[in-house]
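# Coordinates in review
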Amino acid sequence: MTNRYLLTMMFSLVILTSCGKENETDNSVNSTLDNGLVAYYPLNGDGNDKSGNDYHLTIVGTTTTTDRFGGPNSAYKFNGSTGDYMIIPSLPKADNMRQFTVSLWIKPSKINYNTPISIRPKFTTGCTNSISLSYENSKYILRDNVVYFSSPNTCTANAFTESPSDPTGQWHHLVLVQTYIKEENGLLPRYKYDQYYDGKLFSIGSSGVSSNPAEVSFINGGTIGGNNNSGNYAANYEMFNGEIDEVRIYNRALTPEEVGLLFNKK
């Protein structure tokens, strides 16, 4: 057996071992990010839910476009009108939650007051859980509105904001995480909200500590590309102008490390 042959065999073994480790790593990452995944919309030319739960979107008026990697028909473009949106159906596996995560990629074209995603609470009372963008007083605002109490007659929500640099014309990753904080140090239970922007913690909010917040429910579904607080989709508002891709909804709170994995996922 020649030295050249031995070297060739050793080189091939190294390549196979390396590929095996990469595959194991990819599988481990996917397994972690699949845990607690209620709905996953890759938006590759359709509104199908790839989580396995069959919570498929109803697409109204929007058109396909390229994603952040340049792949054709791998994201959707919204023109900012009331005729461009997607309906998120009822999500029974996201009912009675203490913790949740919403993740999506957006590429805004024009910002005045736009909502890329909104999810209605259990009761229809004029509130929504939403992530929105606006341009106010010569600065851009990223706003999260989270409902922590709702009844047939009223709702209570907390809004918290932060100011990014001009986000238009570029893809950005938005992740909203709700974590339940149990009673501690004399404080009543509360929700903690973490807004991530392009893989990094961007802003923090809280539901307050005056009372134990109610469980959160996404049983009424919601809207991608606009805001809807009534179920009447002819009355959508805050319509998004730009492109949206890779929408994920979890019934658990993702860790900062998992948010980083999502941001870096190809």
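Residues numbered from 1 in each chain as written. Predicted model: local features only at pLDDT ≥ 70, side-chain atom pairs only at ≥ 80, totals over all residues. Heavy atoms only, no water.

### Some points on the layout of surface pockets
Reported here for the largest pocket is a volume of approximately 190 Å³. Lining of the largest pocket is provided by 16 residues; of these, Tyr40, Arg68, Glu246, Lys265 and Lys266 occupy positions nearest its centre. Elements supplying a minimum of two residues to the lining of the largest pocket: strand 6 (100–108) and strand 15 (241–250). Among the elements that make up the lining of the largest pocket, the one with the highest residue count is strand 15 (3 residues). (1 Å grid on protein atoms, 1.4 Å probe; cavity = no way out; pocket = protein on both sides within 12 Å on 5 of 7 lines; lining within 4 Å. Points joined across faces, edges and corners; volume = space filled by probe spheres on them. Helix = DSSP H or I, 4+ residues; strand = E, 2+ residues; numbered from the N terminus.)

### Observations concerning the pairing of strand 8 (residues 129–136)
The element strand 8 is extensively covered by neighbouring structure, given that 6 of its 8 residues are classed as buried. Here strand 7 (residues 113–119) pairs with strand 8 via 5 bridges, running antiparallel. Within the sheet, the bridge partner assigned to Tyr113 lies in strand 8 and is Ser134. Relative to strand 9 (residues 139–150), strand 8 runs antiparallel, the two sharing 7 bridges. Across the sheet, the residue bridging to Ser134 is Ile141, located in strand 9. (Buried < 20%, exposed > 50% of the residue type's maximum accessible area, 1.4 Å probe, protein only. Pairing = 2+ DSSP bridges.)

### Remarks on the confidence of the model for the chain
On average, the chain scores 87 in pLDDT, and the residues at 70 or more come to 87%. Under a pLDDT of 50 for its full length, residues 6–18 has, in the predicted model, 1 contact with residues more than four places off or in other chains. Throughout residues 21–25 the model reports pLDDT below 50, and contacts reaching past four residues in sequence, or to other chains, amount to 0 contacts. (pLDDT = per-residue confidence, 0-100. Contact = heavy atoms within 4.5 Å.)

### Focus on the nonpolar core
Judged by nonpolar contacts, the single largest core of 40 residues is most densely connected at Tyr41, Leu91, Phe218, Ile224 and Ile244. Among residues more than four places away in sequence, those in contact with Phe218 are Ser90, Leu91, Ala94, Met97, Phe100, Val102, Ile119, Arg120, Asn129 and Ile249. Listed in part, the 11 residues of the second largest apolar core include Tyr40, Val175, Val177 and Ala253. (Core = buried A, V, L, I, M, F, W, Y, C linked by side-chain atoms within 4.5 Å.)

### Observations concerning the environment of Ala214
Position of Ala214 relative to the elements: it lies in the loop between strand 13 (200–206) and strand 14 (222–224). Exposure remark for Ala214: the relative accessible area of 28% places this residue in the partly exposed category. A C-alpha to C-alpha distance of 9.7 Å links Ala214 and Tyr191, two positions 23 residues apart in sequence. With sequence-adjacent residues up to four places away left out, Ala214 is seen in contact with Arg98, Tyr148, Phe149 and Tyr191.

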